[in-house]
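# Residue-level structural notes
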2 protein chains.
Amino acid sequence: MDARIGDISRPGRLAEPDEGIGLEELALAARNHGLPLEAMRCDLTPAGLHYVLIHYDIPAADADAWELTVRGRVRTPLTLDMETLRSFPATTQRVTMECAGNGRALLSPRPVSQPWLVEGVGCAEWTGVPLRTLLAEAGVERDAVEAVFTGADHGVERGIEQDYQRSLPLPVATGGDPEVLVAYEMNGHPLPPQHGHPLRLIVPGWYGMAHVKWLRDISLTDTPFTGFQQAVAYRYRQSADDPGEPVTRIAPRALMIPPGFPDFMSRTRVVRPGQVRLEGRAWSGRAPVTGVEVSTDDGRSWTGTELAPPDGHDWAWRRWQASWTATPGSHVLSVRAADADGHTQPLAQPWNRGGFANNLVQRISVLCPRDD
Amino acid sequence: MDARIGDISRPGRLAEPDEGIGLEELALAARNHGLPLEAMRCDLTPAGLHYVLIHYDIPAADADAWELTVRGRVRTPLTLDMETLRSFPATTQRVTMECAGNGRALLSPRPVSQPWLVEGVGCAEWTGVPLRTLLAEAGVERDAVEAVFTGADHGVERGIEQDYQRSLPLPVATGGDPEVLVAYEMNGHPLPPQHGHPLRLIVPGWYGMAHVKWLRDISLTDTPFTGFQQAVAYRYRQSADDPGEPVTRIAPRALMIPPGFPDFMSRTRVVRPGQVRLEGRAWSGRAPVTGVEVSTDDGRSWTGTELAPPDGHDWAWRRWQASWTATPGSHVLSVRAADADGHTQPLAQPWNRGGFANNLVQRISVLCPRDD
């Protein structure tokens, strides 16, 4: 029998018009999960509520036997166990992380992949060793241009068998703002399995694909990395033959905690007539958030909100709040963030073939029943 | 404007033939999540990997201010804070919990609700006070027939605004086998928000709908409870006007850890030719699991597996394992459990209108490529 990986691992595709979510997309949605939006009430997302996107399987990882190698264009290759990693001076950073594909399932046409609506996000405190500390320990050769990070998760994607691998340009890998971390704790506890136990990369401000989980190797190279997740996936393409540009930092986005209470199936919200507090979070990996506006009439008019002042957590979301007087009827609530680079969120979908960095404004359907 | 809850909260329905998963089902799948099946390698499921099904929102709960009331047909109504609850003798039980709707998305026709494939399950250790201890403390009146449990989660379902409420017959509520728990710890830690922080019910052997989360009230009644989750939802019905029978204990099921490694999108597995270890878990809430069989030819033939001996955790899943010699080609692997009551898993779907207790055997597509 002729059995080839190409039979089970096909090229990326777009859904047909009116094609519902299929069982393959559902299988991803059932394994992975987003942030229940009401969890934005917490500054830090508890580990079990933070969004998770796992390309292949969660590897069976033993922290006691784990080794991280640092090699390639370095003067002294390193093999580091967890105890050694914990002996370096540690740092903690509060980071809002978002999946590059967040919002994909709302696109038309819809790229067929993990079908996020808007909930592929979370904010946690990550503790570990600055990557630049480890690279200084190894001694970077002058001809190094990139650092390639390899996780222990293994699978097939569009016909290519691979360990999950991503690279960073050397100036990003060794930079101080953001400072890239080799992290072993999330919110003060050892990393949970689904977040890379025992070791992952944290790249503040970048979409989730850069934060390599189950990190087992860092290799410095003298040529740019051309692996699948760098050169094929995670690029802004308009067509299958467009080489595209790489996906890097997080576009600005604000989300609202859906007010009131939900209908189980439609998730439409119910609020009582009168004052309703609207609140949520806003972030950008490109520049500080400078303003957040809400609309209670489906985007026809917008008003400012009260944005929490900067608190020193430059890579974390910020709380915003506003008040709304709900009147009987049906309403659509929206929110949008703007950042210091002049970027804001579009009202029409920003489309690309991978469905990346889609920061279309959130729309929340709300019913305010007449008081009887 | 005429704004009514019935406009946003509709009756249950079945999907049309060939109707893909819709955005409402996807919104549930994105919030809730199943067990990544590779996590069955652990006896105990880490909290963030255990399946979660939340009907409405996760309530904002403050353990320091939490109170559980015990009232109704009791001699001494109680109001218990967390410190008082922790002062009662505690017990710990290892329990495999499964969503009553597990498998629903594979049914034809498909009931439109949370679209589980097979992953709505987990196994954890729950610590708390036996419910019968609290009921003895309150003193059960002779005319009490049921205990009604109320959670703090509030929403609308098929037009009915409600707090989540379920009841148990008094003999179950006060029984010793299983012993129902009012639990405040999961795997040795305070309950996480999504699992009912700070307090939930644990009803070993029963489907998840009985394990009321964010538990705030227990009321003994002298008539059977007829609330929505008891009399409308969670019943085995063949048609909308069939009164049906209540969903209670978990039907037998075995699941296999998908062997090898996956394709990202199709989740089809890839294994190398040669010996492949097959393993997984099996459970039943009705009677002890007595045997587990696997098929490597899509259910045409079945062979026994090695089932771990009883270990005293009568309400927890048991590990099974087998060996398979993979040969190049495409294969479908399946597994089925049988219990001491003579129940086993069907090869054709057991259909009901809610998609409950669907323990159709799992099918795992595996490709064994020719070694080159």
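An unreviewed UniProt entry annotates chain A as Sulfite oxidase of Streptomyces lunaelactis. Turning to chain A, the UniProt record has this under Cofactor (unreviewed entry): "Mo-molybdopterin".

With that out of the way, let us pick up the relation of the copies chain B and chain A. Structural alignment of chain B on chain A gives an RMSD of 0.0 Å, achieved by rotating through 180° and translating 0.0 Å along the axis. When the rotation and shift are considered jointly, the pair of chain copies conforms to a two-fold rotation axis. Both copies present the same face, since 100% of the interface residues in chain B are matched by interface residues at the equivalent positions in chain A.

A separate point is the interface of chain B and chain A. Reports of interface size often rely on the accessible area that becomes lost once the parts have come together. Across the contact, 69 residues belong to chain B and 70 residues belong to chain A. Between chain B and chain A, roughly 5,900 Å² of surface is buried when both sides are summed, and carbon and sulfur atoms account for 63% of that area. It is Ile8, Phe264 and Met265 of chain B in chain B that bury the most area against chain A; as a group they hold 13% of the surface buried on that side. Viewed at the interface, chain A and chain B are joined by six salt bridges. The salt bridge involving Glu161 of chain A is made with Arg272 of chain B; its shortest N-O contact spans 2.6 Å. Of all the elements in the fold, those that place two or more residues in the side of chain B that touches chain A are helix H1 (23-31), strand E5 (146-157), strand E14 (261-262), strand E15 (269-270), strand E21 (329-339) and strand E22 (362-368) of chain B.

In an α-helix, one full turn covers 3.6 residues, which means residues spaced three or four apart are oriented alike. All names here are of chain A. By the burial criterion, the buried members of helix H3 (residues 131-138) are Leu131, Leu134, Leu135 and Ala138. End-on view of H3: buried residues confined to an arc of 95°, all on one side of the axis. At the C-terminal side of H3, Gly139 shows a positive phi close to 80°.

Moving on, we get to the sheet that holds strand E1 (residues 67-72) of chain A. Residues and elements named next belong to chain A. The five strands lie next to each other as E2-E1-E10-E5-E6, forming an open sheet whose pairing is mixed. Two strands in the sheet have a free side with no partner beyond their single neighbour: strand E2 (78-81) and strand E6 (160-169). For this sheet, the mean angle separating the axes of adjacent strands, direction not counted, is 25°. Against the sheet, H3 touches E1, E2, strand E5 (146-157) and strand E10 (215-221), its axis set at about 135° to E2.

In this structure, Ile218 of chain A together with Ile218 of chain B are the most contacted members of the largest nonpolar core, which totals 134 residues. Those residues in contact with Ile218 of chain B that lie beyond four places of it in its chain are Leu68, Thr69, Val70, Arg71, Leu131, Leu135, Ala147, Val148, Phe149 and Val182 of chain B. Val276, Leu307, Ala322 and Trp324 of chain A belong to the second largest nonpolar core, which has 20 residues in total.

All names here are of chain A. For chain A, the domain assignment lists domain 1 (5-246) and domain 2 (253-368). Centre-to-centre separation of domain 1 and domain 2, based on C-alpha positions: 27 Å. In this assembly, 43 residues from domain 1 lie in contact with 25 residues from domain 2. Of the roughly 3,100 Å² buried between domain 1 and domain 2 on both sides combined, carbon and sulfur atoms contribute 57%. Contact with domain 2 buries surface across domain 1, with Met40, Arg94 and Leu107 losing the most and accounting together for 20% of the total. For the pair domain 1 and domain 2, the interface holds three salt bridges. Among the ionic pairs, Arg319 bridges to Asp43, the shortest N-O distance being 3.9 Å. For the side of domain 1 that touches domain 2, the secondary structure elements donating two or more residues are strand E3 (91-98), strand E4 (121-130) and strand E11 (235-236). In terms of residue count, the dominant contributor to the side of domain 1 that touches domain 2 is E3 (five residues).

All names here are of chain B. Mapped onto the elements, Arg253 comes out in strand E13 (residues 253-256). On the basis of relative accessible area, Arg253 is assigned to the buried category, the value being 2%. Among the polar contacts made by the side chain of Arg253, one reaches the main-chain carbonyl oxygen of Asn102 at a distance of 3.5 Å. The residues contacting Arg253, other than those within four sequence positions of it, are Glu98, Asn102, Gly103, Val118, Arg281, Ala282, Trp283, Ala337, Gln345, Asn358, Asn359 and Leu360.

The next subject is the pairing of E6 of chain A. Bridge count between E5 of chain A and E6 of chain A: nine bridges; the pairing is antiparallel. Paired with Val148 of chain A across the two strands is Ser167 of chain A, which belongs to E6 of chain A.

It is worth spelling out the UniProt feature "domain: Moybdenum cofactor oxidoreductase dimerisation" (unreviewed entry) in chain A at this point. Cross-referencing UniProt, the feature "domain: Moybdenum cofactor oxidoreductase dimerisation" (unreviewed entry) maps to residues 273-366 of chain A in the present numbering. For residues 273-366 of chain A, the end-to-end C-alpha separation is 11 Å, with 0% helix and 47% strand making up the annotated structure.

A separate point is the environment of Ala348 of chain A. Tracing the backbone shows Ala348 of chain A in the loop between strand E21 (329-339) and strand E22 (364-368). Here the alpha-carbon distance between Ala348 of chain A and Val361 of chain A, two residues 13 residues apart in the chain, equals 8.4 Å.

Turning our attention to the UniProt feature "domain: Oxidoreductase molybdopterin-binding" (unreviewed entry) in chain A. Under the local residue numbering, the UniProt record ascribes the feature "domain: Oxidoreductase molybdopterin-binding" (unreviewed entry) to residues 55-228 of chain A. Taken end to end, residues 55-228 of chain A is 11% helix and 39% strand, and its two terminal C-alpha atoms sit 12 Å from one another.

All names here are of chain B. Read from one edge to the other, the open sheet built from six strands follows the order E14-E15-E22-E21-E17-E18, with strand pairing classed as mixed. Each of the sheet's edge strands pairs with one partner strand only, and the pair in question is E14 and strand E18 (303-304). Inspection of the sheet shows strand E17 (residues 289-295) paired to E21 by six bridges, in the antiparallel sense. Looking at E21, one finds that Glu293 is bridged to Arg336.

Opposite charge on two side chains lets them pair, provided their charged atoms get close. Scanning the model with the defined rule gives 38 salt bridges over all chains in all. A salt bridge links Arg71 of chain B to Asp217 of chain B; the shortest N-O distance between them is 2.7 Å. Pair noted here: Arg71 of chain B is in strand E1 (residues 67-72) and Asp217 of chain B is in strand E10 (residues 215-221), with a separation of 146 residues, a long-range link. Assessed through its relative accessible area of 43%, Arg71 of chain B is described here as partly exposed. Residues joined by salt bridges that share partners form a network here, namely Asp43, Arg277, Glu279, Arg281 and Arg319 of chain A.

The next subject is the pairing of E1 of chain B. Residue and element names in this part refer to chain B. Sheet analysis places E1 next to strand E2 (residues 78-81), joined by four bridges and oriented antiparallel. Paired with Thr69 across the bridge in E2 is Thr79. Counting the residues between successive antiparallel strands, the hairpin from E1 to E2 contains five residues. Bridge analysis of E1 against E10 gives four bridges, and the strand direction is parallel. Each bridged residue has a counterpart across the sheet, and for Arg71 the counterpart in E10 is Ser219.

Conventions we followed
Residues numbered from 1 in each chain as written. Chains lettered and ligands numbered in written order. Predicted model: local features only at pLDDT ≥ 70, side-chain atom pairs only at ≥ 80, totals over all residues. Heavy atoms only, no water. UniProt positions renumbered as here; feature names shortened; annotations may be inferred. Least-squares fit on C-alpha atoms with pLDDT ≥ 70 in both. Contact = heavy atoms within 4.5 Å. Buried area = accessible area lost by both parts, 1.4 Å probe. Salt bridge = Lys/Arg side-chain N within 4 Å of Asp/Glu carboxyl O. Helix = DSSP H or I, 4+ residues; strand = E, 2+ residues; numbered from the N terminus. Buried < 20%, exposed > 50% of the residue type's maximum accessible area, 1.4 Å probe, protein only. Arc of directions from axis to C-beta. Pairing = 2+ DSSP bridges. Axes fitted to C-alpha atoms, helices over the stretch in contact; angles between N-to-C directions. Core = buried A, V, L, I, M, F, W, Y, C linked by side-chain atoms within 4.5 Å. Domains from an automatic or database assignment. Polar contact = N/O pair within 3.5 Å; in protein donor to acceptor, adjacent residues only side chain to side chain.

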